[in-house]
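One letter stands for each residue in the lines below.
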Amino acid sequence: MAARRPLILISNDDGIDAPGIHALAAAMVPLGEVHVVAPLLEQSAVGHAITLRDPVRAHPWPFRGPHGKITAHAVTGTPADCVKLAIDKLLPRTPDLVVSGINQGPNAAVNVIYSGTVSAATEAAILGIDALAISYCRWVGGDFGPSAVIAQRIARQTLQRGLPPGILLNVNVPDLSLQAMKGVLITRQARSRWEEAYSERLDPFERPYYWMAGTFVNLDDGENTDLQALETGYVSVTPIQHDLTAHDWLDELGTWTLESEASTGS
Ligand code: MN
């Protein structure tokens with residue numbers, strides 16, 4: 001009996017009509033049976049939000065690639081909602097791989113925690129499915145072709161080799177042609193933060209409101225960071241996980257006195 005083709009779920013946070021998800025879906029078609037379940041509206045920077053207080057609807061969506069029609073649903077929710085709903089209700093079986101992207105703009109350093117693109121892939125990892133997040137390091141327009149080639153290469157390898165439970169790959173592709181890229185580096189997230197300078201304005205009723213206007217600061221001059229790889233023309237691949245426990249500090253915390261003296265029985 002011929003092996004069943006892998007089922008590949010595609011999602012994103014830029015919305016189902018974004019150019020990046022079309023490039024990604026087309027790149028996955030040679031690898032398996034592709035289903036798209038993506039947010040109806042852009043959900044960039046929603047992080048791992050899920051929808052609990054409103055209904056979520058899934059609309060069958062016309063989604064056409066160079067290889068013909070692809071089964072697709074537009075969901076009135078977040079990227080994490082899309083992956084949860086797809087796996088529970090919309091897909092014919094559990095997917096073999098979830099790929100999120102191709103995001104318009106990088107998702108490196110601290111931005112991983114704000115990223116809806118990464119969260120779609122993280123949700124898959126939580127549910128025990130191999131997953132990749134792919135981001136193209138350009139904020140507007142450009143050519144998603146090189147990122148799609150990289151995505152296909154890494155997805156093929158992931159289908160062949162598999163990932164350990166709970167670990168997913170966060171891939172960032174520089175805004176260069178394939179020929180101009182220097183290669184692929186395995187990286188860690190750079191230590192970084194946004195320093196916010198909220199713009200304060202007045203609404204027509206003279207009430208103040210605020211608009212976020214932050215500046216990104218790279219605080220990491222160490223080796224092997226995602227930002228360094230991208231700045232020097234390499235594709236960055238970071239293995240990430242959702243377990244936020246500070247494992248290295250568990251023993252130290254154990255030396256604190258956290259129980260009352262009465263309950264320690266002394
Ligand atoms: Mn986005």
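Thresholds, definitions, all that
Residues numbered from 1 in each chain as written. Predicted model: local features only at pLDDT ≥ 70, side-chain atom pairs only at ≥ 80, totals over all residues. Heavy atoms only, no water. Donors = N, O, S within 2.8 Å, 3.2 Å for Na, K, Ca; no water. Helix = DSSP H or I, 4+ residues; strand = E, 2+ residues; numbered from the N terminus. Buried < 20%, exposed > 50% of the residue type's maximum accessible area, 1.4 Å probe, protein only. Axes fitted to C-alpha atoms, helices over the stretch in contact; angles between N-to-C directions. Parallel < 35°, antiparallel > 145°, perpendicular 65-115°, else oblique. Left-handed = near helix turned anticlockwise from the far one by under 90°. Contact = heavy atoms within 4.5 Å. Patch = residues over 30% accessible without salt bridge, like charges linked within 9 Å, V, L, I, M, F, W, Y side chains within 5 Å. Areas by Shrake-Rupley, 256 points an atom, 1.4 Å probe, with all protein chains shown as cover. Salt bridge = Lys/Arg side-chain N within 4 Å of Asp/Glu carboxyl O.

1. Some points on the coordination of the manganese ion
Stage number 1. Here the manganese ion is held by the protein donor atoms Asp13 (OD), Asp14 (OD), Ser44 (OG) and Asn103 (OD1), which lie 2.1 to 2.3 Å from it.
Stage number 2. The sequence pattern describing where the donors of the manganese ion fall on their chain is D-D-x29-S-x58-N. Highlighted residues: Asp14 in the loop between β1 (7-11) and α1 (19-28) and Ser44 in the loop between β2 (33-39) and β3 (58-60), separated in sequence by 30 residues.
Stage number 3. Residue Asp14 is classed as buried on the basis of its relative accessible area of 16%.
Stage number 4. Under the relative-accessibility criterion, Ser44 is labelled partly exposed at 31%.

2. Some details on the packing of α1 against helix α4 (residues 145-161)
Stage number 1. At a closest axis distance of 9 Å, the pairing of α1 and α4 adopts a crossing angle of 45 degrees. One element, α1, and the other, α4, form an angle in the oblique class. Note on packing geometry: the crossing formed by α1 with α4 is right-handed. Taken together, the residues of α4 that come into contact with α1 (itself represented by Ala23, Leu24, Ala27 and Met28) are Ala148, Ala151, Gln152 and Ala155.

3. Overview of a nonpolar patch on the surface
Stage number 1. A surface patch of nonpolar side chains, amounting to about 450 Å² of accessible area, comprises Trp249, Leu253, Trp256 and Leu258.
Stage number 2. In this fold, Leu258 is placed in the segment after α6 (250-253).
Stage number 3. Look at Leu258 and you get exposed, because its relative accessible area is 62%.

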